[in-house]
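The primary structure of each chain is shown beneath.
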Amino acid sequence: MTPSTETVPLEPHSVEDEALSQIVDAMWSSYFGHVEPLLPAFEPHDVEGPVLCASVGISGARPGLVSVVVERSGAAALAAALLQEDEVLADDDIHDSLGEIANIVGGNVKALVPDAGALGLPGISTSQPLPSSAARQAARLDANWQGHWLTFVVWLAAPAHAPAHERTHTPTTTRSED
Amino acid sequence: MRALVVDDSRAMRKIIAGALRKLGYETVEAADGAQALTVLGEGPLPDLATVDWNMPVMDGLTFVTQVRANREYRAMTMMMVTTEAEHGQIVRALAAGAHEYLIKPFTVEALEEKLALLGLLPEVAGA
């Protein structure tokens, strides 16, 4: 089966591209209002080059994963903007800032998932972690900020009452720069 | 006035503490609930604690519960500042003893509004 990045809504009023976009917009205006706006892409655009990925897990009836992938240089610029620092930041600060972005998006996504459990702590990696095999891509937002591409992705397991073809899905393969 | 900012993210501690200092607060920080309890034990008691929910070592809900169990800390106001946005979670936090709840992402204006409701804006309190 060819891995698919196609976004398929799981059910009405669930997490979809528009909801993800609104969450990211709210975060951007709250914490990045002093810098250039985030420009959504009209088509999927994979982040290229060395990347950093921050992700948080969601437990519960429909476990999932929320991640943000950005070029390393973009992650450094994002952290500097979030912290309003002009100096070069340490990796810890860059990872912490990207993790908090994933945490904020993940927490607000979790609020849209029926019977959600706990939100995990943010994890940082140099490639996008694979969600569980039961999860499928529920929403995706590709955007550009100051020339840096970012991708936000929400993976969620299909609800238990979903048809069998919706509960089995091969997740997107990951691209590691390591 | 003095505020304790409890959050495992340095970036978020900086954002919250910076906003509080602009409003006239002195701030101290802790990276989890256990560190925050240590800060409280060392005194003096802050007027306000902003508390994240999901943190390693000791989460915010446990911290709030432990603070509320200690009569010596009764004078401190606690405001959850967290990404946990479900109604049920808000109810849990308030039942555990939090006085207010602010969902991330938040604006400085929203923080200021919550503090005004609590009578904890330094200008308001000093008036």
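Look above for the structure.
Bear in mind the structure is a predicted one, so any value in this text is a computation, not a measurement. (Residues numbered from 1 in each chain as written. Chains lettered and ligands numbered in written order. Predicted model: local features only at pLDDT ≥ 70, side-chain atom pairs only at ≥ 80, totals over all residues. Heavy atoms only, no water.)

A.B. asks: It is not clear to me how the overall build of chain A should be interpreted in this structure. Could you clarify?
C.D. replies: Counting its secondary structure elements, chain A contains four helices and seven strands. Ordering the α and β elements of chain A from the N terminus gives α-β-β-β-α-α-β-β-β-β-α. Out of the 178 residues in chain A, the part that is buried amounts to 49%. In chain A, once contacts between residues fewer than 6 apart in sequence are set aside, the share between residues at least 24 apart is 71%. Of the roughly 8100 Å² that chain A leaves accessible, carbon and sulfur atoms contribute 53%. (Helix = DSSP H or I, 4+ residues; strand = E, 2+ residues; numbered from the N terminus. Buried < 20%, exposed > 50% of the residue type's maximum accessible area, 1.4 Å probe, protein only. Contact = heavy atoms within 4.5 Å. Areas by Shrake-Rupley, 256 points an atom, 1.4 Å probe, with all protein chains shown as cover.)

A.B. asks: Is there a simple way to explain the overall build of chain B in this structure?
C.D. replies: In terms of helices and strands, chain B carries six helices and five strands. Helices and strands appear in chain B in the N-to-C order β-α-β-α-β-α-β-α-β-α-α. Over its C-alpha trace chain B gives a radius of gyration of 13 Å, about what one expects of a compact globule, namely 14 Å for 127 residues. Overall size of chain B, expressed as C-alpha extent along the three principal axes, is 35 × 30 × 25 Å. Across the 127 residues that make up chain B, the buried fraction comes to 52%. Taking as baseline every contact in chain B between residues at least 6 positions apart, the subset at least 24 positions apart corresponds to 60%. When the accessible area of chain B is evaluated, it comes to approximately 5500 Å², of which 52% is carbon and sulfur surface. (Rg over C-alpha atoms; globule rule 2.2 N^0.38 Å.)

A.B. asks: How do you make sense of the interface of chain B and chain A when you look at a structure like this?
C.D. replies: Interface extent is often summarised as the accessible area lost during association of the parts. Listed per partner, the contact involves 21 residues of chain B and 21 residues of chain A. Here chain B packs against chain A, burying approximately 1800 Å² in sum over the two surfaces, 52% of which is carbon and sulfur. We note a salt bridge from E100(A) to K104(B), for which the minimum N-O separation is 3.1 Å. Linking chain B with chain A are twelve residue pairs in polar contact (both at pLDDT 80 or more), by the criterion used here. (Buried area = accessible area lost by both parts, 1.4 Å probe. Salt bridge = Lys/Arg side-chain N within 4 Å of Asp/Glu carboxyl O. Polar contact = N/O pair within 3.5 Å; in protein donor to acceptor, adjacent residues only side chain to side chain.)

A.B. asks: It is not clear to me how the nonpolar core should be interpreted in this structure. Could you clarify?
C.D. replies: Counting residues in each nonpolar core, the largest one holds 62 residues, and the members touching the most others are V109(A), F152(A) and L115(B). Once you skip the residues sitting within four places of it in the chain, F152(A) turns out to touch L20(A), V24(A), M27(A), L38(A), S67(A), V68(A), I101(A), V105(A), A139(A), R140(A) and L141(A). One finds V6(B), A36(B), V51(B) and M58(B) within the second-largest nonpolar core, a separate group that totals 23 residues. (Core = buried A, V, L, I, M, F, W, Y, C linked by side-chain atoms within 4.5 Å.)

A.B. asks: Help me understand helix α4 (residues 87–96) of chain B, please; the structure alone is not making it clear to me.
C.D. replies: Along α4(B), the residues that are buried comprise Q89(B), A93(B) and A96(B). Looking straight down α4(B), one finds that the buried residues subtend no more than 65° of arc, so they occupy a single side. Seen from the open side of α4(B), the exposed residues pointing more than 90 degrees away from its buried face are H87(B) and A95(B). Buried-residue contacts for α4(B) involve α3 (91–110) of chain A together with α3 (60–68), β4 (77–82) and β5 (100–103) of chain B. (Arc of directions from axis to C-beta.)

A.B. asks: So what exactly am I meant to see when it comes to the pattern of salt bridges here?
C.D. replies: Between side chains of opposite charge, a pair can form when the charged atoms approach closely. Under the counting rule described, the total for this entry stands at eleven salt bridges over all chains. With a closest N to O distance of 3.2 Å, E100(B) and K114(B) form a salt bridge. Of this pair, E100(B) sits in strand β5 while K114(B) sits in helix α5 (residues 108–117); the two residues are 14 residues apart in sequence, bridging distant segments of the chain. Residue E100(B) is classed as buried on the basis of its relative accessible area, which comes to 16%. One salt-bridge network, in which partners are shared between bridges, spans E100(A), D7(B), D52(B) and K104(B).

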